[in-house]
Amino acid sequence: MNAERQARAVWTVIAEPGDLVAGELVSWVGGDRALRWVRSVRAGRTDWSLLVDESGLTLSPQVRRGLVTRAQTWAQRLEAASAALDVAVAMGVDVVVPGDPHWPAGLDDLATAAPHALWLRGSLGPPPVTTAGSVALVGSRSCTAYGERTATELADALAARGAVVVSGGAYGIDAAVHRGALSSGVTWAVVAGGPDRDYPAGHRRLFRQVVDDGGALLGEAPPGAVPARHRFLQRNRLIAALTAGTVVVEAAWRSGALSTANHAAGLLRPVGAVPGPVTSPASAGCHRLMREGAAVCVTDADEVVELIGLADVRVGDQRAVATTPADGLDTVARAVHQALSARTTRTPAELVERTGGSLSAVRASLGRLDLAGLVVRDGEGWRAVAIGAAPGAQRHSAGAAQH
């Protein structure tokens, strides 16, 4: 490990994620020189010559005093750095730094808030690693069955198109996203603690599958680091920067997923939100984003691709893909169609209970399905049109039953 690489690895230990002062210092003179300066402060012989840039610019006395105070804090963690590096070697955790072929270029858009290095288990894929073919799908830990199903379907469809699907590795929507993506492709879990720690512990098997299937667990916290609360919030800026755009699948009014959307908007990356039942508090955050103009409404993978402009994703041979009558339906209409039976009549109220959608959304979906010839009205309820049956025959039969 060369001096600059090792120094940046050390900086992930001695400076907290998002430390803008440390970021400014490292971007100014490089990780190695900045670290040598911190060590000189610790030794009581502050070497200011290390902090003179190529133009000869020097720091004012006031700035110097502030930096010394910060350096004393950083220096207290230097001993922990060697332990973190030992853990990395023992656990097979890799470090990636700016300038490496595998460094995700999108992180550079964070400027001085960019991580000094990334720690990871697994693979980021062949270089160069860009944001163009990746998408973030995020949401609340406390999700509904509707949100979980939607997250899984979106992730599966996007991964099938060749996109790298990125989320935060937490319970709820994040877990549904990773599982959905693993069905068809690759996913990255951006963690708040060290990538050697399986947090939450209940995701140990899921994380192993992420790595084994060609994806990665990654983050800026070093091996052994505890996923503290403030690190989760800082983690969100990485999810936004790593991807071409962010979609909030389901989020309550104060969900942490909204911070990821805000970071994406700040980076001028497109933001999408999936609508939910208007009566559901679990979707209040998504509705808020759309109402305030911070996000565009998206309902399926095609709309996500259109919004974000995902590049270099696979386009399958359409002749080889089996089509179904439900192809092209939005998420709610597909759920309603799946809840219907060709033999049993179900009322809109029963469909609300089965799908978790609102009554108005279910009725609107039934109208679209009716126009598409996929359902038929039967008294006060609805039935699905049997595959292969002529819609006209179904309608005639239903009309005869009513008379």
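Refer to the preceding data block for the structure.
Residues numbered from 1 in each chain as written. Predicted model: local features only at pLDDT ≥ 70, side-chain atom pairs only at ≥ 80, totals over all residues. Heavy atoms only, no water.

**Describing helix H14 (residues 348-355)**
How we decide: A 1.4 Å probe rolled over the protein chains alone gives each residue an accessible area, and that area as a share of the maximum for its type sets the label: buried under 20%, exposed over 50%, partly exposed in between. Strands are runs of DSSP state E lasting at least 2 residues, helices are runs of H or I lasting at least 4, and numbering of each runs from the N terminus. As used here, the arc belongs to the directions running from the helix axis to the C-beta atoms.
Of all the residues in H14, the buried ones are Pro-348, Leu-351 and Thr-355. Relative to the axis of H14, the buried residues are bounded by an arc of 55° and lie together on one face. Exposed and oriented more than 90 degrees from the buried face of H14 are Ala-349 and Glu-353. A positive backbone phi angle near 80° is found at Gly-356, which sits one or two residues after H14.

**Things to note about the packing of aromatic side chains**
Put simply, the rule reads: Ring pairs shown here join Phe, Tyr and Trp side chains whose ring centres sit within 6.5 Å, with only the six-membered ring taken for Trp; geometry is labelled stacked below 30 degrees between planes, edge-to-face above 60, and tilted in between. We call a charge positioned over a ring when the NZ of a Lys or the CZ of an Arg lies within 6 Å of the ring centre and within 35 degrees of the ring normal.
Counted according to the given criterion, the structure contains three aromatic pairs. Ring centres of Trp-11 and Trp-74 lie 5.1 Å apart, and the angle between their planes is 75°; on these two criteria the pair is classed as edge-to-face. Pair noted here: Trp-11 is in helix H1 (residues 3-14) and Trp-74 is in helix H4 (residues 61-75), with a separation of 63 residues, a long-range link. The pair Trp-11 / Trp-74 is uniform in exposure class, with both members buried. For the cation-ring pair, Arg-141 lies above Phe-232, with the distance from its terminal atom to the ring centre recorded as 5.2 Å. Sitting above the plane of the Trp-253 ring, Arg-288 keeps its charged end 4.6 Å from the centroid.

**Quick notes on the pattern of salt bridges**
Filter applied, for reference: Counted as salt bridges are all cases of a side-chain nitrogen of Lys or Arg within 4 Å of a carboxyl oxygen of Asp or Glu.
Under the defined criterion, the tally for this structure stands at 14 salt bridges. The partner of Glu-16 in a salt bridge is Arg-231, with the nearest N and O atoms 3.0 Å apart. One end of the pair, Glu-16, is in the loop between H1 and helix H2 (20-29); the other, Arg-231, is in helix H9 (residues 229-242), with 215 residues separating them in the sequence. Residue classification places Glu-16 among the partly exposed residues on the basis of a relative accessible area of 22%.

**Focus on the environment of Val-385**
Mapped onto the secondary structure, Val-385 falls in the loop between strand E11 (381-384) and helix H16 (391-402). Distance from Val-385 to His-337, taken between C-alpha atoms, is 9.6 Å for residues 48 residues apart in sequence.

**Structural notes on the layout of surface pockets**
Filter applied, for reference: Using a 1 Å grid laid over the protein atoms alone, points where a 1.4 Å probe fits but cannot get out form a cavity; open sets with protein on both sides within 12 Å along at least 5 of 7 lines form a pocket; any residue with an atom within 4 Å of a point counts as lining. Grid points are joined across faces, edges and corners, and a volume is the space filled by probe spheres set on the points.
By volume, the second largest pocket amounts to about 390 Å³. Looking at the second largest pocket, it is lined by 20 residues, and the ones nearest its centre are Arg-141, Arg-235, Ser-255, Gly-256 and Ala-257. Those elements that place two or more of their residues in the lining of the second largest pocket are strand E3 (134-139), H9 and helix H10 (257-266). Among the elements that line the lining of the second largest pocket, the one with the most residues is H9, at six residues.

**Looking at the sheet that holds E3**
In plain terms, the rule: In this analysis, strands are considered paired if DSSP registers two or more bridges between them. In what follows, a contact means two residues having at least one pair of non-hydrogen atoms within 4.5 Å. Note on definitions: angles span 0 to 180 degrees between N-to-C directions of axes, and those axes are lines fitted to C-alpha atoms, for helices only across the stretch in contact.
Across the sheet, which stays open at both edges, the nine strands sit in the order E1-E2-E6-E5-E4-E3-E7-E8-E9 with mixed pairing between neighbours. Edge positions in the sheet fall to strand E1 (94-96) and strand E9 (296-297), since each of these pairs with one other strand and no more. One ladder, built from three bridges, connects E1 with strand E2 (residues 118-122); its direction is antiparallel. Of the residues in E2, the one forming a bridge with Val-96 is Leu-118. Along the sheet, helix H7 (residues 173-182) contacts E3, strand E4 (164-167), strand E5 (187-190) and strand E7 (246-250); its crossing angle with E3, the most-contacted strand, is approximately 145°. Along the sheet face, helix H12 (residues 301-308) touches E3, E7, strand E8 (271-273) and E9 and points at about 150° away from the line of E7.

**A short note on the packing of H1 against helix H5 (residues 78-91)**
The criterion, for reference: By the definition used in this description, the sense in which the near helix is turned from the far one sets the handedness, with an anticlockwise turn below a right angle giving left-handed and a clockwise turn giving right-handed. When residues are sorted by character, Ala, Val, Leu, Ile, Met, Phe, Trp, Tyr, Cys and Pro go into the nonpolar class, Asp, Glu, Lys and Arg into the charged class, and all the rest, Gly among them, into the polar class.
Two elements in contact, H1 and H5, have axes whose closest approach is 9 Å; the angle formed by their N-to-C orientations is 115°. Between H1 and H5 lies a crossing of right-handed hand. Counted together, Gln-6, Ala-9, Val-10, Val-13 and Ile-14 of H1 and Leu-78, Ala-80, Ala-81, Ala-84 and Leu-85 of H5 form the full contact between these two elements. Counted by class, the contact of H1 with H5 contains nine nonpolar, one polar and no charged residues.

**Considering empty space enclosed by the protein**
Per the stated rule, a full pass over the model turns up three cavities of 30 Å³ or more. The volume enclosed by the largest cavity comes to roughly 110 Å³. As for the largest cavity, its lining consists of 16 residues, and the residues nearest its centre are Glu-16, Pro-17, Gly-18, His-116 and Glu-220. Class assignment of the residues belonging to the lining of the largest cavity gives a composition of seven nonpolar, five polar and four charged.

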